[in-house]
Amino acid sequence: MESFRTLSASLFAVVVLALAICMSLAATEMAAAATPGIFVSNTRYTPGKEYGTWLYPCKSIQDGVFRVGMGGAIILIEDGTYVENVAVSYYSGIELRGNGPSVCVLQGNFGASAQTECETTYVYDDPEWFGQSHSVRTCTGTPIDVAVTGLAITGNAGGSGTNIRFTNCVVGGELNISGYSCEVWGIPEFGAFEYETVPGTGVVINCTVANGMDCGAADVTVRNSVILGAAKVHNQAAWSYGPATLDVAYTCWSGPTPICITKSGHTTCPDVVLGEGNIEVDPLLADPLNGDYHLKSRFGRRNPATQTWVTDDVTSPCIDAGDPASDYSSEPQPNGSRINMGAYGNTTEASRSTTYLIGDVNGDCAVNVLDLIQARNRLGQAVSSGDNWKADVNGDGLINVLDLLVIRGKLNTQCE
Ligand SMILES: [Ca+2]
Ligand SMILES: [Ca+2]
Ligand SMILES: [Ca+2]
């Protein structure tokens, strides 16, 4: 009897354990269902089996978008260069997510000569739009929600008639966010169509835009960003578009001050709201002509080609110049305890701050043999522990003999 009780108790324990495992699996599945992901990889896909799962990813971002159903989805884009144009339509709640503009590139494939007006990479809400000034659209009157995160887009980018949000993106061309007026069929007495306005909104956070912004009929908010060239918003009331604002704060621009342009024949102009923290200055980018938009720093800049940290002879004024309320915790030390402007703000590739003398492990404002000893004592230790980051002088995440060599090369340098 005793042994039977023991057996019963053991069985009971096993059943409880099994139930607990089932419940935790169910909870995991539910969490996964709440944020479904569609995987895209143009190197790992299997022809004929492009299902969008991790095992069988889609081969293009557009294929991933086509697999989105009601309720939206996150399109998880693996590292690589995707030569395509992406049209986002039909379903709201889509996010295109890459692992950062250094590794995930959307390269528009419009020919430069054939369609000069459409030399763009559009994240657009209407697939019929490409190459056309107008197309007949079905129109719900409600903008869909689209997010674009961690991508470099080599050409122009934008959204029209969408609520679009760009975060940690590089736009190699112009960023356009606008509303549109779409045609709605079915007025029997006229046998024709009428126009309906879909205003759209735009949110641009920690992006770097290489050739200005051109917005109209949309309320656009820009934060912690770097804009080369002009930022402007148009009055487009001629097409019965709604009002628009361009609201810019904690942003650097190198071109003229953001303005509104009143189109001919119009008397009103949308608002341009310039908030706190804006600076009009050369952002000192690494190599923008060749697509490297990291901020220069005398104290360390990530070189995406060599995947090492390098130093410049100047330091960008956009480092530590973003919104003081923004999270900066993903930036490597020394990060100035404040987010950087631009596409790499609050990422592991954020340029290092000005407050640190490279090689000064013990923080006495001089690089000498004491720092060599400090670094030697920390060899092999975790960089994330305490102020060990100061000993990872080359920023490769390890404290090893390479760091000692860098310190040796910096001997006798001092704080200014
Ligand atoms: Ca910073
Ligand atoms: Ca020192
Ligand atoms: Ca190191």
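Structure shown above.
Now for a description of the structure that goes with this document. (Residues numbered from 1 in each chain as written. Chains lettered and ligands numbered in written order. Predicted model: local features only at pLDDT ≥ 70, side-chain atom pairs only at ≥ 80, totals over all residues.)

Concerning the environment of Val361
Counted only if it meets this: Going along the chain from the N terminus, every DSSP run of H or I of four or more residues is numbered as a helix, and every run of E of two or more is numbered as a strand. C-beta atoms are placed from the backbone for every residue, and two residues are taken to be in contact when these atoms lie within 7 Å.
Looking at where Val361 falls in the secondary structure, it is placed in the loop between strand S30 (308-310) and helix H3 (369-377). Discounting residues that sit within four places of it in the chain, Val361 has contacts with Asp371, Gln374, Ala375, Lys390 and Ala391.

Some points on the pairing of strand S28 (residues 292-295)
When a strand is regular, its side chains alternate between the sheet's two faces. Counted only if it meets this: DSSP bridges decide pairing: two strands pair if at least two such bridges lie between them.
Inspection of the sheet shows strand S27 (residues 285-287) paired to S28 by two bridges, in the antiparallel sense. For Asp287, the partnering residue across the bridge sits in S28 and is Asp292. Between S27 and S28, which pair antiparallel one after the other, the connecting turn spans four residues, and Gly291 there sits at a positive phi close to 85 degrees.

Focus on the pairing of strand S8 (residues 144-149)
What counts here: Three classes are used. A residue is buried when 20 or more other C-beta atoms lie within 10 Å of its own, exposed when 12 or fewer do, and partly exposed in between, with C-beta atoms placed from the backbone.
With five of six residues buried, S8 is to be regarded as a mostly interior element. In the sheet, S8 pairs with strand S11 (residues 162-167) via six bridges, with the strands oriented parallel. The partner of Ala147 across the bridge, within S11, is Arg165.

Let's talk about the nonpolar core
The condition that has to hold: The nonpolar core is taken to be a set of buried Ala, Val, Leu, Ile, Met, Phe, Trp, Tyr and Cys residues joined by way of C-beta atoms within 7 Å. Start and end points for every domain follow an automatic or database-based domain assignment.
With 68 residues, the main nonpolar core has Ile61, Ile75, Cys169 and Val171 as its most contacted residues. The element contributing the most residues to this core is S8, with four residues. If you count residues domain by domain, this core takes at least three from each of domain 1 (33-280) and domain 2 (284-356). Core analysis: the next-biggest nonpolar cluster, separate from the first, contains 11 residues, Val367, Val383, Trp389 and Ile407 among them.

Let's talk about unusual backbone geometry
Here the amide bond leading from Gln333 into Pro334 is cis, since omega sits at -5 degrees, within 30 degrees of zero. Following the sequence through the fold, Pro334 ends up in the loop between S30 and H3. Even without being glycine, Asn168 reaches a positive phi, approximately 50 degrees. Locating Asn168 in the fold gives a position in the loop between S11 and strand S12 (170-171). Despite not being glycine, Asn346 has its phi angle at roughly 55 degrees, a positive value. Position of Asn346 relative to the elements: it lies in the loop between S30 and H3. Judged by the 21 C-beta atoms lying within 10 Å of it, Asn346 falls in the buried class.

Quick look at the sheet that holds strand S3 (residues 80-83)
If you walk across this open sheet you meet the eight strands as S3-S6-S9-S12-S17-S20-S23-S26, and the pairing is parallel. If you trace the sheet from one side to the other, it starts and ends with S3 and strand S26 (279-280), each paired once. Pairing geometry for strand S17 (residues 208-209) and strand S20 (residues 226-227), over two bridges, is parallel. Considered in S20, the bridge of Val209 is made with Ile227.

Description of the packing of H3 against helix H4 (residues 401-410)
Put simply, the rule is: To get an axis, fit a line to the C-alpha atoms, keeping to the stretch in contact for a helix; angles then go from 0 to 180 degrees between the N-to-C directions. Angle categories: roughly parallel below 35 degrees, roughly antiparallel above 145, roughly perpendicular from 65 to 115, and oblique for all the rest. When residues are grouped by polarity, Ala, Val, Leu, Ile, Met, Phe, Trp, Tyr, Cys and Pro land in nonpolar, Asp, Glu, Lys and Arg in charged, and all others, Gly among them, in polar.
As a packed pair, H3 and H4 sit with axes 10 Å apart at the nearest point and diverge in direction by 175 degrees. Regarding the angle of H3 to H4, the classification is roughly antiparallel. Judged by residue contacts, Asp371, Leu372, Ala375 and Arg376 of H3 engage Asp403, Leu404, Ile407 and Arg408 from H4. Class assignment of the residues belonging to the contact of H3 with H4 gives a composition of four nonpolar, no polar and four charged.

Brief notes about the environment of Gly397
With respect to the element layout, Gly397 can be found in the loop between H3 and H4. When the 12 C-beta atoms within 10 Å are taken as the criterion, Gly397 is described as exposed. The sequence separation of Gly397 and Ala382 amounts to 15 residues, and the corresponding C-alpha distance is 8.2 Å. When residues no more than four places from it in sequence are discounted, the contact partners of Gly397 are Val383 and Asp392.

Re the sheet that holds S11
Hydrogen bonds between backbone atoms are what pair the strands of a sheet, whose relative direction is either parallel or antiparallel. Sheet architecture is open: nine strands sit in the order S1-S2-S5-S8-S11-S16-S19-S22-S25, paired in parallel fashion. One side of each edge strand has no neighbouring strand; the edge strands of this open sheet are strand S1 (37-40) and strand S25 (271-274). Neighbouring strand axes in the sheet, compared pairwise and without regard to direction, differ in orientation by 10 degrees on average.

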